[in-house]
Amino acid sequence: MLTRQGECHQCGECCRTVNITAVRDATLEQHGNRKELELYLGYRGIRVVGEDKEKNQLHYAIDIPCNKLGEDNRCQVHDTPEKPLICYRYPWEPDDIEQCGFRFLPTAGFLPGVSGGKP
Ligand code: SF4
Ligand code: SF4
């Protein structure tokens, strides 16, 4: 089990990209292979940034900055009802943004050998 630690330091990176998850096997069947898929999507500005074979997922990223992101990297609708819930909850699981001030570390009670943890 992982616990989120750290804080947002307003780098703005999570507000510059739209991430999409696709069904891996159906998509690869349609396009033949991943290289063909990357060619097809690449012409439209969509990057294939990862895959999870166990969950049968492909991960896409599209570089589209949110128009609510200010020049100071702050959200212009923060603390208003106009801010989407997903933005308040981000990141809820490990992501691949290196600049992000949040990290996910194993919960102490679940570390092997730590008192209270499961054997
Ligand atoms: S609404 Fe605010 S927090 Fe959400 S993506 Fe846009 S700038 Fe970022
Ligand atoms: S990537 Fe992380 S640190 Fe940067 S703005 Fe988003 S939540 Fe904050």
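Right, let's walk through the structure included here. Each chain carries its own residue numbering, running from 1 in the written order of its sequence. A letter from A marks each chain and a number from 1 marks each ligand, given out in the order of writing. Residues qualify for local features only when their pLDDT is at least 70, as the model is predicted, and side-chain atom pairs are given and counted only at 80 or more; totals for whole chains, interfaces and linings, by contrast, use all residues.

**Some words on the overall build of the protein**
- Within the protein, the secondary structure is distributed over three helices and five strands.
- Numbering of helices and strands runs from the N terminus, with a helix taken as a DSSP run of H or I at least four residues long and a strand as a DSSP run of E at least two residues long. Its helices and strands in sequence order give the protein the pattern β-β-α-α-β-β-α-β, from N to C terminus.
- Projected onto its principal axes, the C-alpha coordinates of the protein cover approximately 50 × 45 × 25 Å.
- The exposure label follows from counting other C-beta atoms within 10 Å of a residue's C-beta, where the C-beta atoms are placed from the backbone and the thresholds are 20 or more for buried and 12 or fewer for exposed, leaving partly exposed in between. Across the 119 residues that make up the protein, the buried fraction comes to 3%.
- A pair of residues counts as a contact when their C-beta atoms, built from backbone coordinates, are within 7 Å of each other. Look at the contacts in the protein between residues 6 or more apart in sequence, and 58% of them connect residues 24 or more apart.

**Remarks on the environment of V77**
- The topology assignment puts V77 in the loop between β4 (57-62) and α3 (85-89).
- Given 14 C-beta atoms within 10 Å, V77 falls into the partly exposed group.
- The contacts of V77, once residues within four sequence positions are left out, are K68, E82 and K83.

**Topic: the environment of E38**
- Tracing the sequence through the fold places E38 in helix α2 (residues 34-42).
- As for E38 and D79, which are separated by 41 residues in sequence, their C-alpha atoms are 38 Å apart.

**A look at the site of ligand 1**
- All residues in the neighbourhood of ligand 1 are listed as C15, C66, K68, L69, C75, V77, K83, P84 and C87.
- Any residue outside Ala, Val, Leu, Ile, Met, Phe, Trp, Tyr, Cys, Pro, Asp, Glu, Lys and Arg is labelled polar, Gly included; the first ten of those are nonpolar and the last four are charged. For the shell around ligand 1, the per-class residue count stands at seven nonpolar, no polar and two charged. Nearness rests on one distance test: the residue's C-beta atom, set from the backbone, must lie within 6 Å of the molecule or strand.

**Let's talk about the site of ligand 2**
- In the neighbourhood of ligand 2, 13 residues make up the surrounding shell, with C8, C11, C14, C100 and G101 lying closest.
- Looking at side-chain class alone, the shell around ligand 2 contains seven nonpolar, five polar and one charged residues.

**Looking at the packing of helix α1 (residues 24-31) against α2**
- Relative orientation of the contacting elements α1 and α2 amounts to 85°, with a least axis distance of 8 Å. Here α1 is positioned roughly perpendicular relative to α2, judged by the angle of their axes. On α2, the residues touching T27, L28 and H31 of α1 are R34, E36, L37 and Y40.
- Looking at the contact of α1 with α2 residue by residue, the classes come out as three nonpolar, two polar and two charged. Helix axes use the C-alpha atoms of the stretch in contact, all axes being lines fitted to C-alpha atoms, and the angles between their N-to-C directions lie in the range 0 to 180 degrees. Roughly parallel means an angle under 35 degrees; roughly antiparallel means over 145; roughly perpendicular covers 65 to 115; every other angle is labelled oblique.

**Structural notes on the pairing of β4**
- Pairs of strands are assigned from DSSP output, requiring at least two bridges between the strands. Across six bridges, the pairing between strand β2 (residues 18-23) and β4 is antiparallel. In the strand pairing of β4, V18 is matched with I62.
- The pairing of strand β3 (residues 46-52) with β4 spans six bridges and is antiparallel. Within β4, the residue paired with I46 across the bridge is I62.

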